[in-house]
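Listed below are the residues making up each chain.
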Amino acid sequence: MEETIHNVVCTVCGCCCDDLEVKIKDGRIVEVKNACAVSLSKFQNYNNEERIVKPMIKKNGEFKECSFEEAIKEASIILAESEYPLIYGLSLTTTEAISKAVELAEALGGVIDNTTSVCHGPSLIGVHDIGVVTCTLGEVKNRADLIIYWGSNPVFSHPRHLTRYTVFSKGKFRKERKERKLIVVDVRRTATAKMADIFIQVAPNQDYELLSALRMAIKGEEIYLDEVAGVPVNKIEELADLMVSCEFGILFFGLGLTMSLGKSRNIDAALSLVRDLNEKTKFLIMPMRGHYNVTGANEAIAWQTGYPFAVDFSQGYPRYNPGETTIIDILNRGECDAALIIGSDPAAHFPVSAIKHLTKIPVIIIDPHKNATTLISKVVIPTAITGIEAEGTVYRMDGVPLECKKLVEPPSGLKSDEEILTEILMSVKKLKGEEKLYE
Ligand code: SF4
């Protein structure tokens, strides 16, 4: 039997392109249209040799396959017996699963953090300080005549961002490339910079200085220097003129701005720049979120706790203090005594000091594929792949929720992240004798 499923949401990057067409034949994906190369690679290779199809528990240093019931029971005992467990990951799963993870963190009196902690955390801290003037990607597509990418290279990181939402998109009021100006600010001439009308090469770690100079130029204040952050002042003034004279401008910023020296202060300066610009024209700002549902992780955790990441329930109520309640800080201080990792691979990406503590505590991982963290885990629970074998809600980088579909059946016995987390939550409540309290 053959069928084509339309309007499929891609579960790779924060663009969450929802126009894929997927042809299914005899329960297998045989063709994908409208996908970029990164997306195509996921749809073609999701069932590769790294796929895990059986749960495993490590005993005497060796993994032994087990039933789902045994894996859930072992995971629940580890979590229920721990004093300060950590739940982390959550940017590669559904919003429904994230909600269950928050309930679990509360029931355990632990900490829940998501990958924002190590990517756009400073962006959110900047938003807490200044506020944000933003919009949807649809508005950008229809109206933007000036597009700036700052510290972001979407040609590689978000391959369809330019064609679906910005310079090459066909909007309602801006239909052609020549109706939009593209400016790239980066420390090097990236693939995206090569397509730009204007490329501004900022000196490494001097974004804050350049943003501050732009704010001065926009206010008509004199800059008594020849250059700022490696950029000649006449170029800064030219850029300020372009920003002020556009009809609808948007500044997309990536980790090049968020994670360079200054971090949340860079974002304060960028948000303030956009706020200043709105006294003269219409200007918006948006972070280039990486994983397909990292925005959903922030949304769902914030609905339930008031905070977007790094939430600590150990006092019986939600506390948020980045630098104290963020995963790397907790691991570096050796404070947590168990960890549940959902759809993430901290052992491959975290500093050695943090990984060292992970190797000393029991780790439970819920993931469809093997990775460095599965190797150091005590319990491995395989799962159905969101957007291919499991449905659910994800949030695009502009905060628009989209429903991703189940396209094919997962390998026998595999459940969604939401189902697995629900089972662990029920089992933990039973072990803690709190079942009635939480019902
Ligand atoms: S740009 Fe991102 S969301 Fe869109 S198809 Fe490519 S990987 Fe998927």
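It should be emphasised that the depicted structure is a prediction, and the values quoted were computed from it without experimental measurement.

Turning to the site of the ligand, a few remarks are in order. With respect to spatial proximity, the complete set of residues near the ligand consists of Cys10, Val12, Cys13, Cys15, Cys16, Cys17, Cys36, Ser39, Pro159 and Arg160. Residues belonging to the shell around the ligand are distributed by class as follows: eight nonpolar, one polar and one charged.

The next subject is the layout of surface pockets. Of the pockets and cavities examined, the second largest pocket occupies roughly 410 Å³. Leu124, Pro287, Arg289, Thr295 and Glu299 are the residues nearest the centre of the second largest pocket, which is lined by 20 residues in total. For the lining of the second largest pocket, the secondary-structure elements that each account for two or more residues are helix H4 (121-130), strand S14 (282-287) and helix H12 (294-305). Considering each element in turn, the lining of the second largest pocket owes the most residues, four residues, to H4.

Let us look at the side chain of Thr383. Turning to its location among the elements, Thr383 is positioned in the loop between strand S19 (379-381) and strand S20 (392-395). On the basis of relative accessibility, which here comes to 1%, the residue Thr383 falls in the buried class. A polar contact of 3.1 Å, which involves the side chain of Thr383, links it to the backbone oxygen of Lys415. A polar contact of 2.6 Å, which involves the side chain of Thr383, links it to the side chain of Asp417. The contact partners of Thr383, leaving out residues within four places of it in the chain, are Arg51, Ile366, Asp367, Pro368, Glu389, Leu414, Lys415, Ser416, Asp417 and Ile420.

Right, let's get into the state of the cysteines. Scanning all chains against the criterion turns up zero disulfides. Just so you know, Cys119 is unpaired, no disulfide at all, and the nearest cysteine sulfur is the one on Cys13, 13 Å from it. On the accessibility criterion, Cys119 (15% relative accessible area) is buried. Here Cys336 stays free of any disulfide, with the sulfur of Cys119 as its closest cysteine sulfur at 20 Å.

Here we come to the packing of aromatic side chains. This structure, assessed with the given rule, holds five aromatic pairs. With centroids separated by 5.4 Å and ring planes inclined at 20°, the aromatic side chains of Tyr149 and Phe252 adopt a geometry described as stacked. Note that Tyr149 is positioned in strand S8 (residues 146-150) and Phe252 in strand S13 (residues 248-253), a separation of 103 residues in sequence. Residue Tyr149 is classed as buried on the basis of its relative accessible area, which comes to 0%. What links up through ring pairs into an aromatic cluster is the set Tyr307, Phe309 and Tyr320.

With that out of the way, let us pick up unusual backbone geometry. Positive phi values are uncommon outside glycine, yet Asp26 reaches one of about 50°. Locating Asp26 in the fold gives a position in the loop between strand S2 (20-25) and strand S3 (28-33). You can call Asp26 exposed: its relative accessible area is 57%. With a phi close to 40°, Lys263 is a non-glycine residue in the positive phi region.

About the criteria used
- Residues numbered from 1 in each chain as written.
- Predicted model: local features only at pLDDT ≥ 70, side-chain atom pairs only at ≥ 80, totals over all residues.
- Heavy atoms only, no water.
- Near = heavy atom within 4 Å.
- Nonpolar A, V, L, I, M, F, W, Y, C, P; charged D, E, K, R; others polar.
- 1 Å grid on protein atoms, 1.4 Å probe; cavity = no way out; pocket = protein on both sides within 12 Å on 5 of 7 lines; lining within 4 Å.
- Points joined across faces, edges and corners; volume = space filled by probe spheres on them.
- Helix = DSSP H or I, 4+ residues; strand = E, 2+ residues; numbered from the N terminus.
- Buried < 20%, exposed > 50% of the residue type's maximum accessible area, 1.4 Å probe, protein only.
- Polar contact = N/O pair within 3.5 Å; in protein donor to acceptor, adjacent residues only side chain to side chain.
- Contact = heavy atoms within 4.5 Å.
- Disulfide = S-S within 2.5 Å.
- Phe/Tyr/Trp six-rings, centres within 6.5 Å; stacked < 30°, edge-to-face > 60°.

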